[in-house]
Amino acid sequence: MKRKIVILGATGTVGSKISENLLSDGHDVTLIARNIERLKKFQSMGAEIISGDVNDVEILTNAFRNADSAFLILPDNVKAENTRSYQRLVTGNFIRAIEKSGIKHIVNMSSLGSHMHEGNGIMGGTGEQEVRLNQLRDVNVLHVRSAYFMENFLRTIALVKNKGINGTAADGDHSIPMVATKDVAKIAAGHLADLDFEGKSIHAVMGPRNYTMREFTKIAGKAVGIPDLQYVQIPFEQAKQIFLGNGFTEDFVDNLLGMASGIKEGIFNYQKRNQAATTPTTAEEFVKEVYAAVYNT
């Protein structure tokens, strides 16, 4: 059945893939973004493009009205002086638009670790968003709790090329679930189109198995001709100075590094893996299909 579906965050790694999946399946898709230039591909596929952002409650309301479902994602704001206040504001905007529009099915992008409301850094905001969306009456909400994105390794390709190492502030030997965003997008798109959820529910998306940062780095290095590529845990203070030098606010950086710290404390590992949570794309497949292609461009 053809659905009318609204997607927020269509310029992002997950939202773009959801949009492509739904448009390819013939659904009536509306995309909302500030930078609509990046959405021309989807416009050519038949999407309606609306210029706006998460602070435009009227635009969100009008888009949600008469839609069968909508995909929400809490965007990062690296300039936020108070990250939690910003996240709280955006969640409030979503709730007002949902209530005013009458939309009945929401797929909310969340994360493993959002069951905690402190000790998980920036994901404290996604946890709070889950709780607040769960207070909506007569609205079906499904939270897609995703594992650590394999695509995060693309962000450190410059470090690999320039320094011959891979590294983040996260512990190198703590095993966590990792997932390719194409697998997350397939699951989210399916729920948006099928409307196969009622009440308030959670769908964990955990990839094929757990990996350590060091293990994944080895797999990535082998794919790009550096079989001895090493993973180095960057000291928190050094990582903080790098982020601050890139123009991020101190509060945002503290929240970001709080997530890195929480990884070792087990925030990603409380969820038990089952068939519904296990997705097919392995690290080996991801680095061959995506990482190596980006590295070699």
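## Describing the pattern of salt bridges
Enumeration according to the criterion identifies 10 salt bridges in this entry. Among the salt bridges present, the one from aspartate 28 reaches lysine 4, with a minimum N-O distance of 4.0 Å. Within this pair, whereas aspartate 28 is found in strand E2 (residues 28-33), its partner lysine 4 is found in strand E1 (residues 4-8), the two being separated by 24 residues in sequence. The class for aspartate 28 is partly exposed, based on a relative accessible area of 31%. Among the ionic pairs, lysine 40 bridges to glutamate 37, the shortest N-O distance being 3.1 Å.

## Quick look at the side chain of arginine 145
Tracing the backbone through its elements, the reader meets arginine 145 in strand E6 (residues 140-146). Relative accessible area serves as the criterion here: at 7%, arginine 145 is assigned to the buried category. With residues near it in sequence (within four places) discarded, arginine 145 still touches Ser110, Ser111, Leu112, Ser114, His115, Glu130, Ile202, His203, Ala204, Val205 and Tyr270.

## A closer look at the sheet that holds strand E7 (residues 148-149)
Pairing in this open sheet of 3 strands is mixed, and the strands run E7-E9-E11 from one edge to the other. Of all strands in the sheet, those with a lone pairing partner are E7 and strand E11 (210-211), marking the two edges. As judged from the 2 bridges shared by strand E9 (residues 176-179) and E11, these two strands associate in the antiparallel manner. The partner of proline 177 across the bridge, within E11, is asparagine 210.

## Overview of the pairing of E1
In terms of residue burial, E1 counts as a mostly covered element, since 4 of its 5 residues are buried. As paired strands, E1 and E2 are joined by 5 bridges and run parallel to one another. If you follow valine 6 over to E2, its bridge partner there is threonine 30. Between the parallel pair E1 and E2, the chain is carried across by helix H1 (residues 13-24), and the sense of this crossover is right-handed.

What counts as what
Residues numbered from 1 in each chain as written. Predicted model: local features only at pLDDT ≥ 70, side-chain atom pairs only at ≥ 80, totals over all residues. Heavy atoms only, no water. Salt bridge = Lys/Arg side-chain N within 4 Å of Asp/Glu carboxyl O. Helix = DSSP H or I, 4+ residues; strand = E, 2+ residues; numbered from the N terminus. Buried < 20%, exposed > 50% of the residue type's maximum accessible area, 1.4 Å probe, protein only. Contact = heavy atoms within 4.5 Å. Pairing = 2+ DSSP bridges. Right-handed = clockwise from strand over helix to strand, strands pointing away.

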